[in-house]
Amino acid sequence: MNDAVVFSGNSFIGFELCRVFLEEGMTVLGCDEDELDEERLLEIGRNANFQYQKFHHIQRPEHIPSPSYLVFSFYDGYYHRKENAWKAIKPVVEKSLDWKKHHFIFLYPSIWLKRKEKHDLYVEAEELRKQAEKEKAPVTVFYLPTVFGPRQPNSFLLAEAMTNPAFQWEQACIDEDLEDALYVEDAVDVINRQKEKSNTFILVNANPSSWEAVMSRVIHDEEQINALKKRCKDQSRNAYPFETLQVENKLPIDEAVQKQIIHIKKREICDFPFFKF
């Protein structure tokens, strides 16, 4: 297949996948509930292989290239708080899609595996996955831990610690994997290389306690560091009946974290009233 449709194409992981697929020479249709971010548009540049559509413009199955990889980043939907976005495209996907002509790819947050009560979005995603398997379509599932890097959603603790000088670890809302952290480019590289395999994978960092290592780069208060270590002390990887993919850090942690900090600073400068015309 040389075509891909990336739902959540204007979101954290979804956009990075669009970019990687384009570098592979694929034709990509990115979709999301809002207009494509101008910064992302500039990053892709003039590329005849890329199109972008808002969800409500995709009203019929013929609007979806066939055959193609269909990437559903429920990871982005969850952390960008876009739970309702799926409802806009669900009727087109479920009712009259030629299932066997597509390869379905699902991206889930690994935190869902640790929850006793399933999130509504997880239930919706699993219904779609089971339907695709019932229709004999190839399906690949990736469970992702905490992913960081430029454009990480503010719902992650790392992003909050970087942007909030008054960040208090003990008052933070925990809704992410506290064992593993992957740099976004490393995560999408593995997804791209494994996308053809019909399997369920869980991605982990090849270096244990990577989440604590990343957070320690931005928390410098001794009291906060002790609270962080206490919270992470009992964290361990659970055993799941999926194939585990060990992800190596291509960049040193300090450099990867610095890329996210620089991006945040640039956005702050661009958002400053002086630069508004």
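Enquirer: Outline the packing of helix α1 (residues 12-23) against helix α7 (residues 184-194), supporting the account with residue identities and numerical values.
Expert: Running from amino to carboxyl end, α1 crosses α7 at an angle of 60 degrees, the nearest separation of the two axes being 10 Å. Overall, the two elements α1 and α7 adopt an arrangement that is oblique. As for how α1 packs across α7, the hand of that crossing is right-handed. Between α1 and α7, the contacting residues are Phe12, Ile13, Glu16, Leu17, Arg19, Val20 and Phe21 on the first element and Val184, Glu185, Val188, Ile191 and Asn192 on the second. A per-class count over the contact of α1 with α7 returns 8 nonpolar, 1 polar and 3 charged.

Enquirer: Could you give me a rundown of the sheet that holds strand β4 (residues 68-73), with the residues and numbers involved?
Expert: Read from one edge to the other, the open sheet built from 8 strands follows the order β3-β2-β1-β4-β5-β6-β9-β10, with strand pairing classed as parallel. A strand with exactly one partner marks an edge of an open sheet, and here the two such strands are β3 (50-54) and β10 (243-247). The mean inter-strand angle of the sheet, taken between neighbouring strand axes irrespective of direction, is 20 degrees. Examined bridge by bridge, β4 and strand β5 (residues 102-109) share 6 bridges and lie parallel to one another. Among the inter-strand pairings, serine 73 is bridged to a residue of β5, identified as leucine 107. With respect to the sheet, helix α5 (residues 120-134) is in contact with β4, β5 and β6 (139-144), its orientation differing from that of β5 by roughly 155 degrees.

Enquirer: Give a detailed account of the pattern of salt bridges, specifying residues and quantitative values.
Expert: Two side chains with opposite charge may pair up if their charged atoms get near one another. Applying the stated rule across the entire model yields 17 salt bridges. Here lysine 82 makes a salt bridge to aspartate 34, at a shortest N to O gap of 3.8 Å. One end of the pair, lysine 82, is in the loop between α3 (74-79) and α4 (85-96); the other, aspartate 34, is in the loop between β2 (27-32) and α2 (38-44), and 48 residues separate them in sequence. For lysine 82, a relative accessible area of 10% translates into the label buried. Aspartate 34 sits in the partly exposed class, given a relative accessible area of 30%. Each of Glu16, Arg19, Glu23, Glu39, Glu43 and Arg151 takes part in one network of salt bridges that share partners.

Enquirer: Describe in detail the packing of aromatic side chains, supporting the description with residues and values.
Expert: On inspection of all chains with the given rule, the structure shows 23 aromatic pairs. Its end group placed over the ring of tyrosine 78, arginine 81 keeps NZ or CZ at 5.8 Å from the ring centre. Its end group placed over the ring of tyrosine 122, lysine 118 keeps NZ or CZ at 5.2 Å from the ring centre.

Enquirer: Outline the pairing of β4, supporting the account with residue identities and numerical values.
Expert: Of all 6 residues in β4, 6 are buried; the element is thus mostly enclosed. The alternating pattern of β4 places Ser68, Leu70 and Phe72 on one face and Tyr69, Val71 and Ser73 on the opposite face, and all of these are buried. Sheet analysis places strand β1 (residues 3-7) next to β4, joined by 4 bridges and oriented parallel. From the neighbouring strand, phenylalanine 7 faces β4, where its bridge partner is phenylalanine 72.

Enquirer: Residues and numbers for the layout of surface pockets, please.
Expert: Looking at the largest pocket, its volume works out to about 400 Å³. Taken together, 17 residues line the largest pocket, and the ones lying closest to its centre are Arg151, Gln152, Asn154, His263 and Arg267. For the lining of the largest pocket, the secondary structure elements donating two or more residues are α6 (157-163) and α10 (253-271). In terms of residue count, the dominant contributor to the lining of the largest pocket is α10 (6 residues). Classifying every residue of the lining of the largest pocket by side-chain character gives 3 nonpolar, 7 polar and 7 charged.

Calculation notes
- Residues numbered from 1 in each chain as written.
- Predicted model: local features only at pLDDT ≥ 70, side-chain atom pairs only at ≥ 80, totals over all residues.
- Heavy atoms only, no water.
- Axes fitted to C-alpha atoms, helices over the stretch in contact; angles between N-to-C directions.
- Helix = DSSP H or I, 4+ residues; strand = E, 2+ residues; numbered from the N terminus.
- Parallel < 35°, antiparallel > 145°, perpendicular 65-115°, else oblique.
- Left-handed = near helix turned anticlockwise from the far one by under 90°.
- Contact = heavy atoms within 4.5 Å.
- Nonpolar A, V, L, I, M, F, W, Y, C, P; charged D, E, K, R; others polar.
- Pairing = 2+ DSSP bridges.
- Salt bridge = Lys/Arg side-chain N within 4 Å of Asp/Glu carboxyl O.
- Buried < 20%, exposed > 50% of the residue type's maximum accessible area, 1.4 Å probe, protein only.
- Phe/Tyr/Trp six-rings, centres within 6.5 Å; stacked < 30°, edge-to-face > 60°.
- Lys NZ or Arg CZ within 6 Å of the ring centre and 35° of its normal.
- 1 Å grid on protein atoms, 1.4 Å probe; cavity = no way out; pocket = protein on both sides within 12 Å on 5 of 7 lines; lining within 4 Å.
- Points joined across faces, edges and corners; volume = space filled by probe spheres on them.

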